[in-house]
Amino acid sequence: MPSRRVFSFIAAVWLCSCPAFADSDPQQTPAPTGWAQAQLGMSLEEFRQAYPGSQELPPLPDAKGDGRGRRFVVWKANDNILPGPVDLEFRFWNGRLWMILVYANDLPAHEMQAALERRFGPPPISGEKPSWLWPSTKLVSEPAKRWLAIFDRRLASQVQEATFAPSPIPQRHRNRK
């Protein structure tokens with residue numbers, strides 16, 4: 001069975017090579033800095049002021065199990081990009097907002113795609129998961145499943161490093177052959 005280090009390396013390479021995560025030319029339209037009232041990188045305290053009625057969800061586990069990842073949801077929110085109410089999930093890492101997931105529930109796929117293209121231009125990465133890329137932000141969507149994610153690329157790198165980093169080898173196993 002491959003070691004955890006090999007698995008971590010393979011997983012990281014796979015994520016970086018996926019169309020939804022691969023780098024391409026940055027978009028020419030201005031990068032979004034958040035969604036609705038939330039701004040990527042904002043603190044948990046700033047978020048709670050903007051969304052006092054948000055509901056905290058169970059935390060997402062991370063590789064070390066230390067609970068640095070927290071998430072909140074706002075049901076049936078209105079935003080200025082997609083028509084109709086959407087559900088918003090906000091993910092925090094070390095107290096900073098790094099990802100916003102938007103669930104467009106009843107919005108037909110073609111309307112969601114059209115609304116995103118009106119706001120951000122044509123996606124440089126097309127297919128089942130159209131994606132837009134800027135130097136500091138990335139937006140990945142899957143209109144057929146009515147969701148999109150917008151995230152801060154710098155903070156996402158920290159999450160990826162912590163999640164896929166191999167655990168240190170315990171002292172008792174270091175000298176074994």
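Data block above holds the structure.
Residues numbered from 1 in each chain as written. Predicted model: local features only at pLDDT ≥ 70, side-chain atom pairs only at ≥ 80, totals over all residues. Heavy atoms only, no water.

(A) Examining the nonpolar core more closely. If you look at the biggest cluster of nonpolar residues, it comprises 30 residues, and the most contacted ones within it are Trp35, Leu82, Leu88, Phe90, Ile100 and Leu116. Elements with a contribution of two residues or more to this core: helix 2 (44-50), strand 4 (69-77), strand 5 (86-93), strand 6 (96-103), helix 3 (109-120) and strand 9 (147-152). Setting aside chain neighbours within four positions, we find Ile100 in contact with Gly34, Trp35, Ala38, Leu40, Glu89, Phe90, Leu148, Ala149 and Ile150. (Core = buried A, V, L, I, M, F, W, Y, C linked by side-chain atoms within 4.5 Å. Buried < 20%, exposed > 50% of the residue type's maximum accessible area, 1.4 Å probe, protein only. Helix = DSSP H or I, 4+ residues; strand = E, 2+ residues; numbered from the N terminus. Contact = heavy atoms within 4.5 Å.)

(B) Region of interest: the packing of aromatic side chains. One pass over the full model with this rule turns up eight aromatic pairs. Between Phe120 and Trp134, the aromatic rings sit 5.7 Å apart at their centres with planes inclined by 65°, giving edge-to-face as the arrangement. One end of the pair, Phe120, is in helix 3; the other, Trp134, is in the loop between strand 7 (131-133) and strand 8 (137-142), and 14 residues separate them in sequence. Taken together, the ring pairs connect Phe47, Tyr51, Phe72, Phe90 and Phe92 into an aromatic cluster. (Phe/Tyr/Trp six-rings, centres within 6.5 Å; stacked < 30°, edge-to-face > 60°.)

(C) Geometry of the environment of Arg154. By secondary structure assignment, the location of Arg154 is in helix 4 (residues 153-164). Residue classification places Arg154 among the exposed positions, given a relative accessible area of 53%. Taking the C-alpha atoms as reference points, Arg154 and Thr137, separated by 17 residues in sequence, lie 8.3 Å from one another.

(D) Looking closely at helix 3. The first and last C-alpha atoms of helix 3 sit 16 Å apart over twelve residues, in line with the 16 Å expected at 1.5 Å per residue. Of the positions making up helix 3, those classed as buried are Met112, Gln113, Ala115, Leu116 and Phe120. Across the axial projection of helix 3, the buried residues extend over an arc of 160°, all falling on one side. Among the exposed residues of helix 3, those oriented more than 90 degrees off its buried face are His110 and Arg118. On its buried side, helix 3 packs onto strand 1 (34-35), strand 7, strand 8 and strand 9. In the segment just after helix 3, Gly121 is the residue with positive phi, at about 85°. (Expected span 1.5 Å × (residues − 1). Arc of directions from axis to C-beta.)

(E) Broad picture of unusual backbone geometry. A positive phi is found at Lys76, a non-glycine position, where the angle reads about 55°. Within the fold, Lys76 resides in strand 4. The exposure class of Lys76 is exposed, given its relative accessible area of 53%. Here the phi dihedral of Asn94 falls at roughly 55°; this positive angle occurs in a residue that is not glycine. Along the chain, Asn94 falls in the loop between strand 5 and strand 6.

(F) Seen up close, the sheet that holds strand 5. Taken together, seven strands build an open sheet; the order of strands is 3-4-5-6-9-8-7 and the sheet is antiparallel. Looking at which strands have only one partner, the edges of the open sheet turn out to be strand 3 (55-57) and strand 7. On average, each strand axis in the sheet is inclined to that of its neighbour by 20°, with strand direction left out of account. Here seven bridges tie strand 5 to strand 6, and the two strands are oriented antiparallel to one another. Across the sheet, the residue bridging to Arg91 is Met99, located in strand 6. (Pairing = 2+ DSSP bridges. Axes fitted to C-alpha atoms, helices over the stretch in contact; angles between N-to-C directions.)

Worth remembering: the numbers are spatial, not functional.
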